Amino acid sequence: MSATGPNGRSRAVLTPLTLRERHLAAGARFAPFAGWEMPLQYEGIVAEHRGVRERVGVFDVSHLARAWVEGSEAAEMLRSVTTFDVTTLPEGKAHYSLYCNETGGIEDDVFIYHLPGDRWLVIHNAANADADFERLRAVAGDAASEVTPETVMLAVQGPAAVGLLCSVLGEGFADLAPRDCAELSWQDAPLLVARTGYTGEDGGECIVPAERAESLWDALFAGGATPAGLGARDSLRLEAALPLHGNEIDAATNPYEAGLGFAVSLDDGAPFIGREALVGAKAQPRTRRLAHLAARGRGVLRAGFDVREPGGEQPVATLTSGGHSPSLRIGIGMAYLPTDLAKVGTMLEVNVRGRALPVEVVRRPFYRKPKG
Amino acid sequence: MDYETPEDLLYTEDHEWLRREADTDEVTIGITDFAQEQVGDVVYLELPADGTALTAGEPFGEIESAKTVAELFAPVSGELIASNTELEERPELVNESPYGDGWIVRVRISNAAELDGLMDAEAYRAQLPED
């Protein structure tokens, strides 16, 4: 047997997590990711995935790049660089948005928190951290500041996550509705929390000063949260059909074909980078669409595999992501298909190292949590 | 980390094990405790049909885990006479019981001399990584 694992460069200088010792104690196996040394898994990807789906898991997502934009002009500054009209976002709410380029391609996807006192927190992908911060600096100057190194971000996700966060953080969290955000406190330090996540489960994401992070981790751990790594984070977001920048979305994909039109506001008429291209893209008929493929035979779909029509020779698409769904126990993946092949129920094939695996176009998400 | 390496088995450099069934030319093949730990949660195995001829050192199947795919190499030449059909429904047996219920294939060997080229448990343990 010979494994062809992730091709990490072990000698590259990686940024260690503040909670590295806690992760080691929990049995973490690390992998390089966007310049960070990140827990790939602890007990095992499938066990961690189930832990999140059935109870509650905690992810250290401190690699996500966090920046403030502050002041009375902050909303307008942000509006000029992101697709969603944040000027309509009430205080105490968080919303998904995109940074696009002049051709309407997606440079990154972000979460924006509107906190009291004209303070806006933007959460970026780690791989795009430098370019994203430059984008904010260009419009906001000194009103933009990075807080990634001084803070730790923990995502608490799963059906028992809200209960756990209520017991650890107190009543302040209990008052939050989905996509609310607030500044609470943890051991006399400010704790930012949003009822958001990237798993398809309920829960919250907490940001605390680095020196208060160990005690928060310990409290979540003592309250029954299973540590979960990047492996489970990927299989969970894939089941929830959430796009990953660099896979489903990049500088060459536009929000409409990616199914992210909800994150683009055009009606207010306000200018932002990429607006003109997006007005054009919205008006045109789609030539391709991000589709969701479920294997109808045994086998695992992986990013990069070709998609063909049944019996066809020529690829019609390439999988942007793929993997095994622990919840559904089948292979699942996503791909941009020509519009006529992207209809739900269409049968196609994926070339799994020379073997044709039948797949069906299905509705998103692949997995939806049972109604409680 | 301590990995199980039963004394009554033969081992390959590719981290597979082989057990010769008593008084037959049949062998059972699986992956070692070390291998299942490295590959992680097994979710699918792609194996050839019964009757397929295997050649020592050549790949004959694939083992897919949540994070990766690895090839299975034939430790000896022969004819595949059975694969573990239980793994179709419960591939996790490879992780839970790599030397027991997680066995992978049974092969009728064509050249018993090939067994002499495999390692015993002591030799296999000696070449496992230290940590």
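Since we're looking at a predicted model, the values are computed, not measured. All residue numbers refer to positions counted from 1 along the written sequence of the respective chain. Think of it this way: whatever chain is written first is A, whatever ligand is written first is 1, and the rest follow in order. A pLDDT threshold of at least 70 governs which residues receive local features in this predicted model, and a stricter bar of 80 or more applies before side-chain atom pairs are shown or counted, although totals over entire chains, interfaces and linings include all residues.

Asks: Quick rundown of the overall build of chain B? Include the residues and the values.
Replies: Summing up its helical and strand segments, chain B has four helices and nine strands in all. Counted from the first residue to the last, chain B has its helices and strands arranged as β-β-β-α-β-β-β-β-β-α-α-β-α. As a reference, a globule follows 2.2 Å times the number of residues to the power 0.38, and the radius of gyration itself is taken over C-alpha atoms. Relative to the compact-globule value of 14 Å for 131 residues, chain B shows a C-alpha radius of gyration of 14 Å, a close match. Taken along its principal axes, the extent of the C-alpha atoms in chain B is 35 × 35 × 25 Å. Each residue is classified by how many other C-beta atoms fall within 10 Å of its C-beta atom, where C-beta atoms are placed from the backbone; a count of 20 or more means buried, 12 or fewer means exposed, and values in between mean partly exposed. Across the 131 residues that make up chain B, the buried fraction comes to 40%. Here the contact rule is simple: place C-beta atoms from the backbone, and any two residues whose C-beta atoms are within 7 Å are in contact. In chain B, 61% of the contacts between residues at least 6 apart in sequence involve partners at least 24 apart. Strands are runs of DSSP state E lasting at least two residues, helices are runs of H or I lasting at least four, and both sets are numbered from the N terminus onward.

Asks: Run through unusual backbone geometry, naming residues and quoting values.
Replies: Negative phi values dominate among residues other than glycine, just as trans dominates among peptide bonds. All names here are of chain A. The residue after Arg364, namely Pro365, is reached through a cis peptide bond having omega -5 degrees. One non-glycine residue, Arg179, lies in the positive phi region at around 65 degrees. Position of Arg179 relative to the elements: it lies in the loop between helix H6 (171-174) and strand E12 (181-186). Arg179 sits in the partly exposed class, given 16 other C-beta atoms within 10 Å. If you check the backbone angles, Ala241 has positive phi at about 60 degrees while not being a glycine.

Asks: Lay out the domain arrangement of chain A with the relevant residues and their values.
Replies: All names here are of chain A. Domain ranges listed in this record stem from an automatic or a database domain assignment. Domain assignment breaks chain A into domain 1 (15-59 + 150-239), domain 2 (65-146) and domain 3 (285-362). When each unit is reduced to the centre of its C-alpha atoms, the spacing between domain 1 and domain 3 is 32 Å. Residue-level contacts link eight residues of domain 1 with six residues of domain 3. Those elements that place two or more of their residues in the side of domain 1 that touches domain 3 are helix H2 (45-54) and helix H8 (230-239). Note that Gly is not counted as nonpolar here; it falls among the polar residues with everything else outside the nonpolar set of Ala, Val, Leu, Ile, Met, Phe, Trp, Tyr, Cys and Pro and the charged set of Asp, Glu, Lys and Arg. In terms of residue class, the side of domain 1 that touches domain 3 is made up of two nonpolar, two polar and four charged.

Asks: For the nonpolar core, give the residues involved together with the corresponding values.
Replies: Residues and elements named next belong to chain A. Formed by 130 residues in total, the largest nonpolar core has its most connected members in Val69, Leu154 and Val156. Once residues within four sequence positions are removed from consideration, Leu154 is found in contact with Val58, Phe59, Asp60, Cys206, Leu216, Trp217 and Leu220. Ranked by size, the runner-up nonpolar core spans seven residues in total, among them Phe30, Ala31, Met38 and Tyr42. Note on definitions: a nonpolar core is a set of buried residues drawn from Ala, Val, Leu, Ile, Met, Phe, Trp, Tyr and Cys, linked by C-beta atoms within 7 Å.

Asks: Please provide a residue-by-residue account of the sheet that holds strand E7 (residues 93-100) of chain A, values included.
Replies: All names here are of chain A. Note: two strands are recorded as paired if DSSP finds a minimum of 2 bridges between them. Taken together, the five strands give an open sheet; going across it, the order is E7-E8-E9-E6-E10, and neighbouring strands pair in antiparallel fashion. Each having just a single partner strand, E7 and strand E10 (144-146) make up the two edges of the open sheet. Neighbour to neighbour, the strand axes of the sheet diverge by 25 degrees on average, direction disregarded. Here strand E6 (residues 65-70) runs beside strand E9 (residues 119-124); their pairing, made up of six bridges, is antiparallel. Looking at E9, one finds that Ala67 is bridged to Val122. Axis lines are fitted to C-alpha atoms, over the contacting stretch for helices. Their N-to-C directions set the angle, which ranges from 0 to 180 degrees. Lying over the sheet, helix H4 (residues 129-140) contacts E6, E7, strand E8 (106-115), E9 and E10, oriented at roughly 5 degrees with respect to E6.

Asks: I'd love a proper account of the packing of H2(A) against H8(A), names of residues and values included.
Replies: All names here are of chain A. With their axes 8 Å apart at the nearest point, H2 and H8 run at an angle of 55 degrees to one another. Comparing their axes, H8 and H2 come out oblique. Regarding H2 and H8, the two cross each other, and that crossing is right-handed. Taken together, the residues of H8 that come into contact with H2 (itself represented by Ile45, Glu48, His49 and Val52) are Gly231, Ala232, Ser235 and Leu236. Split into classes, the residues belonging to the contact of H2 with H8 amount to four nonpolar, three polar and one charged. For classification purposes, an angle smaller than 35 degrees is called roughly parallel, one larger than 145 roughly antiparallel, one from 65 to 115 roughly perpendicular, and anything else oblique. Handedness of a crossing follows from how the near helix is turned relative to the far one, being left-handed for an anticlockwise turn of less than a right angle and right-handed for a clockwise one.

Asks: Explain the interface of chain A and chain B residue by residue, including any values.
Replies: Contact residues are listed per partner, giving 15 residues for chain A and 22 residues for chain B. Put simply, the parts of the chain that give the side of chain A that touches chain B at least two residues each are strand E1 (2-3), H2 and H8 of chain A. The class makeup of the residues in the side of chain A that touches chain B is five nonpolar, nine polar and one charged.

Asks: Give a detailed account of the pairing of strand E2 (residues 16-20) of chain B, specifying residues and quantitative values.
Replies: Residues and elements named next belong to chain B. Sheet topology places strand E1 (residues 10-11) next to E2; two bridges connect them, and they run antiparallel. Note on E2: the bridge partner recorded for Tyr11 is Trp17. Hairpin geometry of E1 and E2 is characterised by an intervening segment of four residues between the two adjacent antiparallel strands and by a positive phi of about 65 degrees at His15. Looking at chain direction, E2 and strand E3 (residues 26-31) are connected through five bridges and run antiparallel. Following the sheet pairing, Arg19 is matched in E3 by Thr28. Count of turn residues in the E2/E3 antiparallel hairpin: five residues, of which Asp23 carries a positive phi of about 60 degrees.

Asks: Just give me the short version of the environment of Ser80(A), but keep the residues and values in it.
Replies: Residues and elements named next belong to chain A. Examined against the element boundaries, Ser80 turns out to sit in the loop between helix H3 (74-79) and E7. The exposure class of Ser80 is partly exposed, given the 14 C-beta atoms found within 10 Å. Note: C-alpha distance between Ser80 and Leu136 (56 residues apart in sequence) is 9.7 Å. Not counting residues within four places of it along the chain, the set of residues in contact with Ser80 comprises Val139, Pro271 and Phe272.

Asks: Which residues make up the environment of Ser77(B), and what are the values?
Replies: Residue and element names in this part refer to chain B. Locating Ser77 in the fold gives a position in the loop between strand E7 (69-73) and strand E8 (78-83). Sequence separation between Ser77 and Lys67 is 10 residues, and the spatial gap between their C-alpha atoms is 30 Å. If sequence neighbours within four positions are ignored, Ser77 has contacts with Leu54, Thr55, Ala56, Ile109, Ser110, Asn111 and Glu114.

Asks: Provide a residue-level description of the sheet that holds strand E19 (residues 330-338) of chain A, including the pertinent values.
Replies: Residue and element names in this part refer to chain A. Sheet architecture is closed into a barrel: six strands sit in the order E16-E19-E18-E17-E20-E21, paired in antiparallel fashion. Between one strand axis and the next, the sheet turns through 40 degrees on average, direction left out of account. As paired strands, strand E16 (residues 288-295) and E19 are joined by seven bridges and run antiparallel to one another. Note on E19: the bridge partner recorded for Arg289 is Leu337. Sheet strands in contact with H8 are strand E18 (315-325) and E19, and its direction is about 120 degrees off that of E18.

Asks: Tell me about the confidence of the model for chain A, residues and numbers included.
Replies: This prediction gives chain A a mean pLDDT of 95; 97% of its residues lie at or above 70. For the stretch residues 3-10 of chain A, pLDDT sits under 50, and the model shows 12 contacts to residues farther than four places along the chain or on other chains. Residue-level confidence of the predictor, termed pLDDT, takes values from 0 up to 100.

Asks: Can you tell me about the pairing of E7(A), naming the residues and giving the values?
Replies: All names here are of chain A. Within E7, six of the eight residues are buried, which leaves the element mostly enclosed by the surrounding structure. Judged from the eight bridges that link them, E7 and E8 form a sheet pairing that is antiparallel. Following the sheet pairing, Leu98 is matched in E8 by Asp109. The hairpin turn running from E7 into E8, its antiparallel successor, is five residues long, and Gly104 in that turn takes a positive phi close to 85 degrees.

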